Amino acid sequence: MGGAGGAVAGRSCAGCGGRISDRFLLFSMERYWHTRCLKCSCCHAQLGEYSSICYSKGGMILCKNDYIRLFGHSGACSACGQSIPASEMVMRAQGSVYHLKCFTCATCRNRLVPGDRFHYINGTIFCEHDRPGGVLLSGHSAPLQTNGIMSDQKV
């Protein structure tokens, strides 16, 4: 995210569509913004005032805190440990983030897709059919979850 002093003739704001005649403007994601219009897609913090850094993934513009909350601290897949490019879609379970190809059952290795039911037990993913029988997590049966792909829609 870069800042520029002085108005740039003919520039319109990517946020509001209005003409930028302010003394300062921001340039982020190859577009120009009023300082008041560049906001985090989740918490709506004005990013020009909040920080000199913003993140972009899945069509969202994010502050650091929301990026970490949505995509994890390291930007690495919880299964293989490799980095996840900012443009790649992911699967999430209990705060962990996975490449689509790595989101697989620990027993049968079948890939799970959005809409599939799965169990997440002590950090391990099991498909609906391979859940270890009678295993308890914190004294209760592990909840059945359905998690989806992070898409271009706001979360």
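This text goes with the structure placed above it.
Just so we're clear, the structure is a prediction, and the values are computed from it rather than from any experiment.

Caption draft 1: Highlighting the overall build of the protein. Within the protein, the secondary structure is distributed over two helices and 12 strands. If you list the helices and strands of the protein from N to C, you get β-β-β-α-β-β-α-β-β-β-β-β-β-β. When each of the 155 residues of the protein is scored for burial, the buried share is 34%. Considering only residue pairs separated by 6 or more positions, the protein has 31% of its internal contacts joining residues 24 or more positions apart. Carbon and sulfur atoms form 48% of the exposed surface of the protein, whose accessible area is close to 8,900 Å².

Caption draft 2: Structural context of helix H2 (residues 64–71). Among the residues making up H2, those that are buried are Asp66, Tyr67, Leu70 and Phe71. The arc enclosing the buried residues of H2, seen along the axis, measures out at 105°, which places them on a common side. Among the structural elements, strand E4 (55–57), strand E5 (60–62), strand E6 (90–93) and strand E7 (96–99) are those in contact with the buried residues of H2.

Caption draft 3: Main features of unusual backbone geometry. Here the phi dihedral of Met29 falls at roughly 55°; this positive angle occurs in a residue that is not glycine. Within the element layout of this structure, Met29 appears in the loop between strand E2 (24–28) and strand E3 (31–34). Of note in the backbone geometry, Asn122 takes a positive phi value of approximately 50° without being a glycine. Within the secondary structure, Asn122 sits in the loop between strand E8 (118–121) and strand E9 (124–127). Using a relative accessible area of 58% as the deciding quantity, one classes Asn122 as exposed.

Caption draft 4: Quick look at the environment of Ala45. Note on placement: Ala45 falls in the loop between E3 and helix H1 (47–50). As a C-alpha pair, Ala45 and Leu62 span 17 residues in sequence and 9.0 Å in three-dimensional space. Contacts of Ala45, omitting those with residues within four sequence positions, involve Leu38, Lys39 and Cys40.

Caption draft 5: View of the packing of aromatic side chains. Under the defined criterion, the tally for this structure stands at four aromatic pairs. Aromatic side chains Phe27 and Tyr32 sit 4.8 Å apart centroid to centroid with 50° between the ring planes, which places their arrangement in the tilted category. Classification of Tyr32 as partly exposed rests on a relative accessible area of 22%. An aromatic cluster is defined as three or more aromatic residues linked by ring pairs; in this entry it consists of Tyr98, Phe103 and Phe118.

Caption draft 6: Up close: the pattern of salt bridges. Tallying each qualifying case throughout the model produces two salt bridges. One salt bridge in this structure joins Asp22 and Arg36, with 3.2 Å as the shortest N-O distance. With Asp22 in the loop between strand E1 (2–5) and E2 and Arg36 in the loop between E3 and H1, the pair connects residues that are 14 residues apart, well separated along the chain. Take Arg36: its relative accessible area is 43%, and that puts it in the partly exposed class. Across the pair Glu128 and Arg117 runs a salt bridge, and its minimum N-O distance is 3.2 Å. With a gap of 11 residues between them, Glu128 in the loop between E9 and strand E10 (136–137) and Arg117 in the loop between E7 and E8 connect regions that are remote in the sequence.

Cut-offs applied
Residues numbered from 1 in each chain as written. Predicted model: local features only at pLDDT ≥ 70, side-chain atom pairs only at ≥ 80, totals over all residues. Heavy atoms only, no water. Helix = DSSP H or I, 4+ residues; strand = E, 2+ residues; numbered from the N terminus. Buried < 20%, exposed > 50% of the residue type's maximum accessible area, 1.4 Å probe, protein only. Contact = heavy atoms within 4.5 Å. Areas by Shrake-Rupley, 256 points an atom, 1.4 Å probe, with all protein chains shown as cover. Arc of directions from axis to C-beta. Phe/Tyr/Trp six-rings, centres within 6.5 Å; stacked < 30°, edge-to-face > 60°. Salt bridge = Lys/Arg side-chain N within 4 Å of Asp/Glu carboxyl O.

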